[in-house]
Amino acid sequence: MMRTVNLQLPLACHTPRSTRYSSRASLRLKCSASSSATDKYKPDWAGDDFLSKVVNSAINFKPLYEGVMKPMARNTLINTAEKNGVSWMGNVEKLEATPEVYEKFEEIKARDGAVEYPDYYEVPFHAYSEGNLCWQAAFEAEPATYSMALRVWPKEEIAWDAAQDRLRNSYTDCIVQHVEKYGLQQPKSIVDAGCSVGISTRAIHDVFPEANILGLDLSPYMLAVAAHRDETQFPTPGSGTRQWKHGLAEATGLPDSSTDLVSLAFMCHELPTAATRAVVKEAARILRPGGVLVLCDNNPKSPVIQNLPPVLFTLMKSTEPYSDEYYLLDFEALLVEQGFGDVHTEPSDPRHRTVLGTRI
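Residues numbered from 1 in each chain as written. Predicted model: local features only at pLDDT ≥ 70, side-chain atom pairs only at ≥ 80, totals over all residues. Heavy atoms only, no water.

In this structure, Phe208, Leu261, Val262, Leu264 and Leu293 are the most contacted members of the largest nonpolar core, which totals 101 residues. Apart from the residues lying within four places of it in its own chain, the contact partners of Leu264 are Tyr171, Ala193, Val279, Leu293, Val294, Leu295 and Cys296. (Core = buried A, V, L, I, M, F, W, Y, C linked by side-chain atoms within 4.5 Å. Buried < 20%, exposed > 50% of the residue type's maximum accessible area, 1.4 Å probe, protein only. Contact = heavy atoms within 4.5 Å.)

Given below as structure tokens:
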């Protein structure tokens, strides 16, 4: 019988990867070895292609979206989680009943002040009518993330925690390899923009435990869960500090040339092109020369992404309002345009790519 996991308990898989850092170069596979890419630069169901327009028309038919697509997209993630031992509803109920989470929310709002949300953020995301600006999205973010990782390797018999660890390692391995290849200094100051509930932030901090890391997000609900987890489950792995800030990735308020690494993990597909350009421009401003910008997201050239069944790509598009813009944007060209060198893309797992560049 499959074990059901309470996410509020310490996770067995969450061993700080810093303990493996010194020897990881000899143990890991290249982060680009986990997937191949096609010659097509994007899937047919994204962008301006005919198929994409047909799918968009179906999504824009509100009765179909609200009555069929939205609940199907949500149930797909929930079912994936539950059948693999993640207690989706159980953990949501426990967070709902935790007063400290709401206290963290009030602390964050009082400390960081009012934030004016851009129009692109106040739209439905991920089958939530209020997008990321609600408790439901924040309370379900962890099991949804674990479900997403499981769907990267659907044909493998893999535990949810092992899938999550593999997903995050594939991203952080690319960062480590970039730093080593180009002879860069170990980052001491890191910004994880679009950090959500802090899963990506903690994964990066495990690899660079002496760094001071800032998790930045527009959702105070997500940040409240992240801060609560820090206090109850995930202490910092080394001498570095970990902080959370409510704010915009395109206007961080940080000083010029003040950080060594900016991470955008699974964020850019949730942005319109103009916002993505603004975020990359801001990253270039706050990075020191020799600092690294790294982003991980869906890989338009992935055979898996390009060959998704119609039901799956329709459901995926229905919950991601900026998919078409994301798949049409040339990220390598954008980084070069904003003053980055040594720009390259690695297919870090079967579905995702990692794009990296060094601030010149």
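Now that the structure is up, let's keep going.
The element strand 7 (residues 352-359) is extensively covered by neighbouring structure, given that seven of its eight residues are classed as buried. Relative to strand 7, strand 5 (residues 287-298) runs antiparallel, the two being bridged by seven bridges. Each bridged residue has a counterpart across the sheet, and for Asp297 the counterpart in strand 7 is Arg353. Sheet topology note: the strand 6 (residues 340-346)/strand 7 ladder contains five bridges and is antiparallel. Paired with His344 across the bridge in strand 7 is Leu356. Linking two consecutive strands that pair antiparallel, namely strand 6 and strand 7, is a turn of five residues. (Helix = DSSP H or I, 4+ residues; strand = E, 2+ residues; numbered from the N terminus. Pairing = 2+ DSSP bridges.)

Before going further, it helps to spend a moment on the side chain of Asn299. Note that Asn299 resides in the loop between strand 5 and helix 11 (303-306). Judged by relative accessible area, Asn299 falls into the buried class, the value being 5%. There is a polar contact of 3.1 Å between the side chain of Asn299 and the backbone nitrogen of Lys301. (Polar contact = N/O pair within 3.5 Å; in protein donor to acceptor, adjacent residues only side chain to side chain.)

Hydrogen bonds between backbone groups are what pair the strands of a sheet, and the pairing can be parallel or antiparallel. Across the sheet, seven strands lie side by side as 3-2-1-4-5-7-6; this open sheet has mixed pairing. One side of each edge strand has no neighbouring strand; the edge strands of this open sheet are strand 3 (242-246) and strand 6. Taken pair by pair, the neighbouring strands of this sheet meet at an average axis angle of 15°, ignoring direction. Bridge count between strand 1 (residues 189-193) and strand 4 (residues 259-265): four bridges; the pairing is parallel. Its bridge partner lying in strand 4, Val191 is registered against Val262. Set on the sheet, helix 7 (residues 160-181) makes contact with strand 4, strand 5, strand 6 and strand 7; between it and strand 7 the angle comes to about 25°. (Axes fitted to C-alpha atoms, helices over the stretch in contact; angles between N-to-C directions.)

Okay, the packing of aromatic side chains next. Tallying each qualifying case throughout the model produces 14 aromatic pairs. Here Tyr102 and Trp135 contribute two aromatic rings whose centre-to-centre distance is 4.9 Å and whose plane-to-plane angle is 70°, an arrangement assigned as edge-to-face. Of this pair, Tyr102 sits in helix 5 (residues 99-112) while Trp135 sits in helix 6 (residues 135-150), and the two are 33 residues apart along the sequence. An aromatic cluster is present here, built from Trp45, Phe313, Tyr326, Tyr327 and Phe331 joined pairwise through their rings. (Phe/Tyr/Trp six-rings, centres within 6.5 Å; stacked < 30°, edge-to-face > 60°.)

This part takes up the confidence of the model for the protein. On average, the protein scores 91 in pLDDT, and the residues at 70 or more come to 89%. Every residue in residues 1-29 scores below 50 in pLDDT, and together they form 71 contacts with partners more than four places removed in sequence or on other chains. (pLDDT = per-residue confidence, 0-100.)

We now examine the layout of surface pockets. A volume near 440 Å³ is recorded for the largest pocket. Taken together, 22 residues form the lining of the largest pocket, with Leu150, Arg151, Trp153, Pro154 and Lys155 sitting closest to its centre. It is helix 3 (residues 62-83) that provides the largest number of residues to the lining of the largest pocket, a total of four residues. Of the residues in the lining of the largest pocket, the class split is eleven nonpolar, five polar and six charged. (1 Å grid on protein atoms, 1.4 Å probe; cavity = no way out; pocket = protein on both sides within 12 Å on 5 of 7 lines; lining within 4 Å. Points joined across faces, edges and corners; volume = space filled by probe spheres on them. Nonpolar A, V, L, I, M, F, W, Y, C, P; charged D, E, K, R; others polar.)

With that settled, the discussion passes to the pattern of salt bridges. Side-chain pairs of opposite charge can arise whenever the charged atoms involved come near each other. Counting across every chain of the model gives 15 salt bridges. The partner of Glu142 in a salt bridge is Arg229, with the nearest N and O atoms 2.7 Å apart. With a gap of 87 residues between them, Glu142 in helix 6 and Arg229 in helix 9 (residues 220-232) connect regions that are remote in the sequence. The buried category is assigned to Glu142, whose relative accessible area is 2%. (Salt bridge = Lys/Arg side-chain N within 4 Å of Asp/Glu carboxyl O.)

Their axes nearest at 9 Å, the elements helix 4 (residues 88-96) and helix 6 cross at an angle of 150°. Between helix 4 and helix 6, the crossing angle belongs to the class labelled roughly antiparallel. In this structure, helix 4 crosses over helix 6, and the sense of that crossing is right-handed. For the pair helix 4 and helix 6, the contacting residues are Trp88, Val92, Leu95 and Glu96 in the first and Phe139, Glu140, Glu142, Pro143 and Ala144 in the second. In the contact of helix 4 with helix 6, the residues fall into six nonpolar, no polar and three charged. (Parallel < 35°, antiparallel > 145°, perpendicular 65-115°, else oblique. Left-handed = near helix turned anticlockwise from the far one by under 90°.)

Moving on, we come to a nonpolar patch on the surface. Where nonpolar side chains cluster on the molecular surface, the patch consists of Phe61, Leu64, Val68, Met72 and Val311 and spans about 420 Å² of accessible area. Counting residues per element, the nonpolar patch draws most heavily on helix 3, which supplies three residues. Residue position: Val68 is located in helix 3. (Patch = residues over 30% accessible without salt bridge, like charges linked within 9 Å, V, L, I, M, F, W, Y side chains within 5 Å. Areas by Shrake-Rupley, 256 points an atom, 1.4 Å probe, with all protein chains shown as cover.)

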